[in-house]
Amino acid sequence: MFVLDLIGVFFFAVSGSLLAARRDFDIVGSVMLASLVGLGGGVIRDLVINQGVPNAFQQPLYVVPPLLAALTVYLHVFGVRRLRRTLLLFDAGGLALFCVTGTLTALESGMGAVTSVLLGLTTAVGGGVMRDVVANEIPQVFRPQGLYAIPAVAGAALTSLLWNLDWFNVVTGSAVAALVFAARGLSLRHRWRVPLAGRAGSGGMP
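Residue numbers restart at each chain and count upward from 1, following the sequence in its written direction. Totals for whole chains, interfaces and linings use every residue, but because this is a predicted model, local features are given only for residues with pLDDT of at least 70 and side-chain atom pairs only at 80 or more, for both listing and counting. For side-chain calculations, the full set of non-hydrogen atoms in the structure is used, while hydrogens and water are omitted.

Chemist: What exactly am I supposed to notice about the packing of aromatic side chains here?
Modeler: Aromatic ring pairs are reported here in terms of the distance separating the ring centres and the angle at which the planes meet. The aromatic pairing rule takes the rings of Phe, Tyr and Trp, using the six-membered ring of Trp, and pairs them if the centres are within 6.5 Å, calling planes under 30 degrees apart stacked, those over 60 edge-to-face and the rest tilted. According to the stated counting rule, one finds four aromatic pairs in the structure shown. Consider the rings of Phe-2 and Tyr-62, whose centres lie 5.7 Å apart with planes at 85°: the pair is edge-to-face. Of this pair, Phe-2 sits in helix 1 (residues 2–22) while Tyr-62 sits in the loop between helix 3 (55–58) and helix 4 (64–74), placing them 60 residues apart in sequence. Remark: exposure states derive from per-residue accessible area (1.4 Å probe, protein chains only) relative to the maximum for the residue type, with buried under 20%, exposed over 50%, and partly exposed in between. Assessed through its relative accessible area of 5%, Tyr-62 is described here as buried. Three or more aromatic residues link up through ring pairs in this structure, and these residues are Phe-10, Phe-11 and Phe-90. Secondary structure elements are taken from DSSP: a helix is a run of H or I of four residues or more, a strand is a run of E of two residues or more, and numbering for both begins at the N terminus.

Structure, rendered in C-alpha cells:
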C-alpha cells in the first residue's frame, strides 16, 4: 500500500504540474503545485489523526514523485498539447488511489469506520482543492460536470467495509481504486452532472 500511495502522489503531482504548464508557471511553480496536490491531502489527514509528524515529512521518498512529475511534464512526456484531458486523467488516478490509501491509513490508526471514510475522502480531494485554489481555478470537487467526491466517498466506504470484513488486501484495494477511476472517467466521458445547489441557478436568487 505504500507503493500505491507513492503512485497516487505521482498521479496527483502530474496533474499539478500540468495545471502549472497550463497557467504558464515556471518550473519552480510546477514543483510547488505538484507537491501541494500530491502531499496536501495526506498531510491534512495525518494532522487530523494527530499521529505526530505527517508521513510526507517522515519519508524522504515522498519528495521524489513531485520532482519526477515536474520533470516529465517539462519534457512533454505526457502530451502537454492536450493539457486538460491529460490533467483530468491523472487527477482521476490520484483520486482513486488516495481514497483507498487514505481510508486505510485512518483505519490502521484506530479510527472508526465512518471517520475513516471521511478522512479517506479528505485525502482524496484535499490536495486537489489546494491545487486549484492556488492556481485560481474552480476546484474540481465543486464543478457540476463529472462526478468527483461521489466516487471517492464510495471508494472510501468500500475500503472501510472490506477492512472490517477482513477482506481487504492489495488485490481488493486495487479493485476498489479501479472502480473509482472508472466511475470518474465515465462521468467525464458521458458528462454526468451533479444537481446544482439551487434550481434558480446563477443570478436567480435575490
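Right, picking up where we left off after that structure.
Chemist: Before we go on, may I ask you to explain the packing of helix 6 (residues 113–134) against helix 7 (residues 149–164) in this structure?
Modeler: Helix packing geometry: the angle between the two helix axes and the distance between the axes. In contact at an axis separation of 9 Å, helix 6 and helix 7 are set at 140° when each is read in the N-to-C sense. The pairing of helix 6 with helix 7 is recorded here as oblique in orientation. Viewed along their axes, helix 6 and helix 7 form a crossing whose handedness is right-handed. Across from Ala-113, Val-117, Gly-120, Leu-121 and Ala-124 in helix 6, the residues of helix 7 making contact are Ala-149, Ala-152, Val-153, Ala-156, Ala-157, Ser-160 and Asn-164. Classes in brief: Ala, Val, Leu, Ile, Met, Phe, Trp, Tyr, Cys and Pro nonpolar; Asp, Glu, Lys and Arg charged; the others, Gly included, polar. Residue composition of the contact of helix 6 with helix 7, by class: nine nonpolar, three polar and no charged. All axes are obtained by fitting lines to C-alpha atoms, using only the stretch in contact for helices, and the reported angles, taken between N-to-C directions, cover 0 to 180 degrees. Any angle that is under 35 degrees is reported as roughly parallel, and any over 145 degrees as roughly antiparallel; angles of 65 to 115 degrees are reported as roughly perpendicular and all others as oblique. Each crossing gets its handedness from the near helix: less than a right angle anticlockwise from the far helix is left-handed, clockwise is right-handed. By definition, residues are in contact when any of their heavy atoms lie within 4.5 Å.

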